[in-house]
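What follows is the residue order along each chain.
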Amino acid sequence: MTASSASRATPKGHRAITAAALMATYMQAVNITLPNAAVADIQGSLSMAEDELGWVFTSYIAASVIIMPITGWLASRYGRKLVYQLSIAGFALGLVLDICATTPIQFVIARIVQGAASGTLAPLSMAILLDLLPPKYHARISLVWTLCLMLGIVSGASIGGRLSEYNGWRSIFYIGLPMSGFIFLVMALSLPEKRPRRLSPLTSSALRASCSA
């Protein structure tokens with residue numbers, strides 16, 4: 001981050017950006033497994049065939065993996081802030097489409113939109129955190145970022161199961177909407193624009209870890 005952009009981000013803004021970036025990492029990870037425990041309810045509600053169930057997860061993961069490798073190019077061409085905000089907006093749109101889906105194809109398309117939007121969130125969140133914090137904190141924030149990613153994947157099924165049991169399967173997608181709104185607002189107000197020439201080695205490692213997860 002340049003001196004001019006650093007001066008525009010206050011210490012309070014640093015804390016808000018850190019919280020938003022980690023929340024985005026958790027949010028995109030938790031939505032991978034969120035429908036796990038609600039698959040039976042989704043299948044019954046949307047009249048899904050057995051061979052269509054796999055697309056609930058495959059569509060999200062495949063779309064995310066396709067977009068991840070071009071994250072650096074998108075950020076360098078259009079600006080990291082713009083790409084990040086569009087990704088959050090696209091993710092929220094995917095959530096709304098999930099909620100409104102009434103047929104299997106509508107639901108799969110919604111998951112594709114959601115997955116594609118999530119593809120840039122984890123690597124860009126890591127890039128933002130590494131730029132924001134001094135080098136001496138990079139190892140610590142990388143560990144926290146990884147924990148958020150793993151926690152999201154591990155906790156998704158239990159959260160989805162509890163919400164689906166008491167509030168219906170569509171409720172599992174509602175929780176991402178206020179999170180998306182918070183992240184979008186924080187990044188719009190506090191994140192300075194930057195066009196990185198290339199992803200840093202740590203960010204590239206983050207990208208590979210996201211793909212593996």
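The structure this text deals with has already been given above.
Summary of the structure given here.

A few words now on the overall build of the chain. A count of helices and strands for the chain gives 12 helices and zero strands. The N-to-C order of helical and strand elements in the chain reads α-α-α-α-α-α-α-α-α-α-α-α. Within the chain, buried positions represent 51% of all 213 residues. A fraction of 84% describes how many contacts in the chain between residues 6 or more apart in sequence connect residues 24 or more apart. With an accessible surface of roughly 10000 Å², the chain has 67% of that area assigned to carbon and sulfur atoms.

For the rest of this paragraph, the subject is the environment of Thr-146. Turning to its location among the elements, Thr-146 is positioned in helix 9 (residues 138-167). Spatially, the C-alpha atoms of Thr-146 and Met-126 are 9.5 Å apart, while their sequence positions differ by 20 residues. Polar contacts involving the side chain of Thr-146 include one to the main-chain carbonyl oxygen of Ser-142, which spans 2.9 Å.

Here the focus is the packing of aromatic side chains. Tallied over the entire structure, the rule returns four aromatic pairs. Consider the rings of Trp-73 and Tyr-78, whose centres lie 6.0 Å apart with planes at 85°: the pair is edge-to-face. Classification of Tyr-78 by relative accessible area gives partly exposed; the value is 39%. Consider the rings of Phe-107 and Phe-173, whose centres lie 5.9 Å apart with planes at 65°: the pair is edge-to-face.

Here we come to unusual backbone geometry. With a phi angle near 55°, Ser-47 is a residue other than glycine that sits in the positive phi range. Within the fold, Ser-47 resides in the loop between helix 3 (39-46) and helix 4 (55-67).

The rules behind each value
- Residues numbered from 1 in each chain as written.
- Predicted model: local features only at pLDDT ≥ 70, side-chain atom pairs only at ≥ 80, totals over all residues.
- Heavy atoms only, no water.
- Helix = DSSP H or I, 4+ residues; strand = E, 2+ residues; numbered from the N terminus.
- Buried < 20%, exposed > 50% of the residue type's maximum accessible area, 1.4 Å probe, protein only.
- Contact = heavy atoms within 4.5 Å.
- Areas by Shrake-Rupley, 256 points an atom, 1.4 Å probe, with all protein chains shown as cover.
- Polar contact = N/O pair within 3.5 Å; in protein donor to acceptor, adjacent residues only side chain to side chain.
- Phe/Tyr/Trp six-rings, centres within 6.5 Å; stacked < 30°, edge-to-face > 60°.

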